[in-house]
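Next come the chains, spelled out residue by residue.
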Amino acid sequence: MHTLLKKVIKERFGRLNRLQQDAFREVSSGKSVLIIAPTGSGKTEAAVLPVFNEILEEGLKPISALYIAPLKALNRDLLERLEWWGKKLGITVEVRHGDTSAYRKAKQTKNPPQMLIITPETLAVILTVKSLRKHLENVKFVIVDEIAELVDNKRGAQLLLNLERLAEIADFRRIGMTATVGNEDEVREWLKADVIVRPSWKKSYRFHVLYPKPTEKAMELAEKLSLSPEIAARLRLLWEIVEEHGKALIFTNTRQFAEILAHRLKAWGKPVEVHHGSLSREARVKAERALKEGKIRALICTSSMELGIDIGDVDVVIQYMSPRQVNRLVQRVGRAKHRIGEVSEGYIITSNVEDYLQSLVIAKHALEGRFEAVEPMGGLDVLAHFVVGLLIEYKKLPRERPYEIARRAYVYRDLSWSDYLDVLRVLEDAHLVGYDEESGLLYLRRGAFQYYYENLSTIPDEVSWRVFDAKSGHIIGRLDESFVMDLEEGMEFVMNGRSWIVLKIDDEARLLKVRESRSLESAIPSWEGEMIPVPFRVALDVGRLKRELAFDFEKAKDLLKGVEFKEEELRRAFEEIKDEPFSTDRDIVVESTPKATIIHADFGNRANEALGQLVHSLLIMRYGRVFSVRSQAHAIVFKTPFQLNPEEVKGYLYQEPESLEFIVSRAIRDSHAYRWRMMNVAKRFGALRRDAKIRRIERLFEGTVIEKETLNELYHDKVNVRKGELLLEMLKRGTLRVKTELRGEPSTLAKLNMSVGGEFLLSGVLERDEILELFKKRLLDHEVVLVCTNCGWNSKTKVSRLEERIKYWECPRCGSRMLAVAHPIDAEEFLPVLEKVRHGKPLDKKEERVYRKLLKAADLIDSYGFDAVLALASYGTGPDTAARILGQYKGDALIVALMERERQFIRTRRFWVDRKEEKEKEDKSTH
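Here is a short report on the structure shown in this document. Remember, it's a predicted structure, so these values are computed and weren't measured experimentally.

On to the overall build of the protein chain. The secondary structure content of the protein chain amounts to 39 helices and 29 strands. A buried classification covers 58% of the 927 residues belonging to the protein chain. The long-range share in the protein chain, meaning contacts at least 24 apart out of those at least 6 apart in sequence, stands at 72%. Surface exposure of the protein chain reaches about 39,600 Å², of which carbon and sulfur atoms provide 48%.

The structure is reproduced here in structure tokens:
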């Protein structure tokens, strides 16, 4: 080791830890190395110190090393850390990414640093910069940080191909860093490392899984913040943990939920800030600094804080709701007390029985070191970009050369010649690449440069659409294109906590014309939509835990040994479901209710998506497109217009495994996810321009390599066909059973799964009980006309004012109890009709309907009191529908039913409008 480096190490650490010593030895012996260790192990120094040593010992020319980090935010911390070493050692360290100024880039070209920190996308740029290429020939080391963030997506595939481009001009060793993963050897091969270096010690964790119930104090908080007692109980518990431990990171699974949780805590007066990827850099830095300096007690964050951002010492990590994956839990909790030898402590606060059982299983897997494998991903669209990049570098190349270089990368080792030729055909059709048959050379065509630089990132660009409120005449906000692609005229969506109906979609102007729908049901959150999927193994073990709880509670407790939980909470959780249908690792349950059929299945999001698409396709073949399907980690939910026979649905599950892929591929071609991904795949191929405005794209690329790549992407991210085939095989062999239940009311688990969204749906930001409260508040604020159906007296009022008045319900003019509540338009139509009735004049059909409508409304109020007022005030609920709903529901169930009715009315309102118009025409023709 160089004497200067020895001196600086002594100043910084005293001495290297064992992991750093092992990495130093392996790298210095000339090997490529993969370093696998938990957060806080000193991985960064383990990777860079042998590199710095060689730069000093050998006097390596710049650029001697590239440090590739997946996040720009990570680069900022790295730069501060690595610059410290650089200054002490006399080694120049600089950063370069999309936000680096032109002046700084020019300076780097003239006087390059010895170590350059870049993102994967920046590598694709600098390979084509002529003035930098001569310096890139000097690269002796490439360090790739946070490899687990790259392996299972197209950014990683692009990085591997670009490293092979670099290997054409430089001879370098690879050093990779990652937190623990379930397929270490495969990740080593992915990187092309010779050895894996791990710490000699085992990281210790303590996981507490909590399922709080409301207490008296929680009730007080609930009243103070206008929350449900359950939410208040979770908030109280959360803050008690913060108070007990000191500085905290609170992780949530979505950005929206981080925002709403922070809002609730701030409303309670707690010192917290939010940290997620959608916030500006300034906002994130400010929040990080506030925690570091002790100005706040907790940072509420998403995966943006999983990676090595320096926020100083953290005493505890709290995960709000299940982390959904073992890797995520360990990475997050590892941020607490992350020095070697310290025990990292984490709490999971769960919100329902499913969330609780899932969290227990994940915590147990984490203690046992059962991490998820990260599935390497290639991509033919990424290959297209690579081919154009090579031609930008070399101008002309033999046709087989890009193919040979690509196959050196792990994820393209099995690339077929025919797939490669298909990629070239798309590039030729897009006029990006040409092929000279005589010379056998590929060459660049006009437009190739623009295509290459527009497609440096494999992450889709979000084009935003303006949303125009027809009533106010104002633009009320913007929506991402990925959301808009799933909208059609007549559909409703949620924005800024309010619900809107789409009146018109203007593709050319990228404008949505809308009006407020007054229905909040679609705001029910789909937390799963943007969350990482629950893996097959985790979901299956939740099923096993339920089975053991049913047969032997003590044995079930043994399954969770090591996890900190309260026995009374586990008993309470199982009490909630034990007398109702639930699935296990050996049982699927098909539960049929009047409005939905739920397949309870513990196989995780991606396997359930395959089963869901299979059953949905077979239902459509029999009944047409009258069902919607959502697949979640532990259930598949079908909204149905009538009650299905569960035995029929059970029969659909007994299909030949070989038929699954064909059926699923046909089904997902109809999905929003397919259209959205196809558009982005086509752009990455160069078959569509970046600013193309196409919402219905599927027909355009049918039967092409673009269609093939779109399906590959969906199979990798959303639908696990292989696991689906395994389940069908188990059903065939009888190792998996199917039970059926016909019910009048949904079970606890069914209700739970019916109230959250699925894989292909987008979400709002509110919890269900909050939405019910908002919906009821909106009904109470609604303006109606109180009309006496006897004498015609009328008065405009708010629904809320009628709650007390119902006790002395009579007309102030004539004393009649036959008072109706009506919409102002209905009241206006009724009064002249009543006048005709009182004078004994005959009524036409339309007038008769108007008259009977208000008489029935008055009857309902006489029978059901204020419940009838609420029903008649809700959107789309006339007296006939109100009578049916009031006969079935009371209390909260009534509010839910009215909300569901609004949603249904909005979706089918065109049908009702058409029928009304036909009726009016019919009435006119009879007169």
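Right, let's talk about the pattern of salt bridges for a bit. Considering all chains together, one arrives at 58 salt bridges under this definition. A salt bridge links glutamate 661 to arginine 722; the shortest N-O distance between them is 2.7 Å. Note that glutamate 661 is positioned in helix H28 (residues 660-668) and arginine 722 in helix H31 (residues 721-733), a separation of 61 residues in sequence. Residue class for arginine 722 comes out partly exposed when judged on its relative accessible area of 49%. Here lysine 836 makes a salt bridge to glutamate 847, at a shortest N to O gap of 3.0 Å. Placement of lysine 836 in helix H35 (residues 824-838) and of glutamate 847 in helix H36 (residues 845-864) is noted, with a sequence separation of 11 residues between them. A residue is classified by how much of its surface remains accessible, and lysine 836, at 25% relative accessible area, is partly exposed.

With that settled, the discussion passes to the pairing of strand E13 (residues 343-349). Counting buried positions along E13 yields six of seven residues, so the element is predominantly enclosed. In the sheet, strand E8 (residues 204-210) pairs with E13 via seven bridges, with the strands oriented parallel. Residue pairing in the sheet places serine 204 in a bridge with valine 343 of E13. Both strand E12 (residues 316-320) and E13 contribute to a ladder of four bridges, which runs parallel. Following the sheet pairing, valine 317 is matched in E13 by glycine 346.

Below, the discussion takes up the environment of glutamate 186. Structurally, glutamate 186 can be placed in helix H10 (residues 184-191). According to the relative accessible area criterion, glutamate 186 is partly exposed, its value standing at 26%. Along the chain, glutamate 186 and valine 374 lie 188 residues apart, while their C-alpha atoms are 9.0 Å from each other. Leave out the neighbours within four places in its chain, and glutamate 186 touches Val374, Pro376 and Tyr410.

Moving on: the sheet that holds E12. Read across the open sheet, the six strands follow the order E8-E13-E12-E9-E11-E10; overall the sheet is parallel. Edge positions in the sheet fall to E8 and strand E10 (272-275), since each has one partner strand and no second. Put simply, the sheet's adjacent strands are angled 20° from each other on average, direction ignored. With four bridges connecting them, E10 and strand E11 (residues 298-301) associate as parallel partners. Bridge assignment links histidine 275 to a residue of E11, and that residue is cysteine 301. Across the sheet, helix H12 (residues 229-245) lies against E8, strand E9 (248-251), E10, E11, E12 and E13, angled at about 165° from E13, the strand it touches most.

Look at helix H23 (residues 536-551) against helix H25 (residues 567-577): their axes get within 11 Å of each other, and the N-to-C directions meet at 90°. One way to sum up the angle between H23 and H25 is to call them roughly perpendicular. Mapping the contact onto sequence places Lys546, Leu549 and Ala550 in H23 and Leu570, Phe574 and Ile577 in H25.

The next point concerns the environment of arginine 901. Positionally, arginine 901 belongs in helix H39 (residues 891-926). A relative accessible area of 11% places arginine 901 in the buried class. Separated by 25 residues in the primary sequence, arginine 901 and glycine 876 place their C-alpha atoms 7.3 Å from one another. Each residue touching arginine 901, except ones within four places of it in the same chain, is listed here: Gly876, Thr877, Thr881 and Ile885.

Here we come to the packing of aromatic side chains. Evaluated as defined, the whole model comprises 14 aromatic pairs. Between phenylalanine 13 and tryptophan 85, the ring centres sit 5.8 Å apart and the planes meet at 45°, which makes this aromatic pair tilted. Note that phenylalanine 13 is positioned in the loop between helix H1 (3-12) and helix H2 (18-28) and tryptophan 85 in helix H4 (residues 72-89), a separation of 72 residues in sequence. Looking at phenylalanine 13, the relative accessible area reads 35%, which means it is partly exposed. Taking relative accessible area as the criterion, tryptophan 85 reaches 0% and is therefore assigned buried. Among the aromatic residues, those joined into a cluster by ring pairs are Phe13, Trp84 and Trp85. Its guanidinium or amino end placed over the ring of tyrosine 211, arginine 572 lies 4.4 Å from that ring's centre, counting from NZ or CZ.

Rules behind the numbers
- Residues numbered from 1 in each chain as written.
- Predicted model: local features only at pLDDT ≥ 70, side-chain atom pairs only at ≥ 80, totals over all residues.
- Heavy atoms only, no water.
- Helix = DSSP H or I, 4+ residues; strand = E, 2+ residues; numbered from the N terminus.
- Buried < 20%, exposed > 50% of the residue type's maximum accessible area, 1.4 Å probe, protein only.
- Contact = heavy atoms within 4.5 Å.
- Areas by Shrake-Rupley, 256 points an atom, 1.4 Å probe, with all protein chains shown as cover.
- Salt bridge = Lys/Arg side-chain N within 4 Å of Asp/Glu carboxyl O.
- Pairing = 2+ DSSP bridges.
- Axes fitted to C-alpha atoms, helices over the stretch in contact; angles between N-to-C directions.
- Parallel < 35°, antiparallel > 145°, perpendicular 65-115°, else oblique.
- Phe/Tyr/Trp six-rings, centres within 6.5 Å; stacked < 30°, edge-to-face > 60°.
- Lys NZ or Arg CZ within 6 Å of the ring centre and 35° of its normal.

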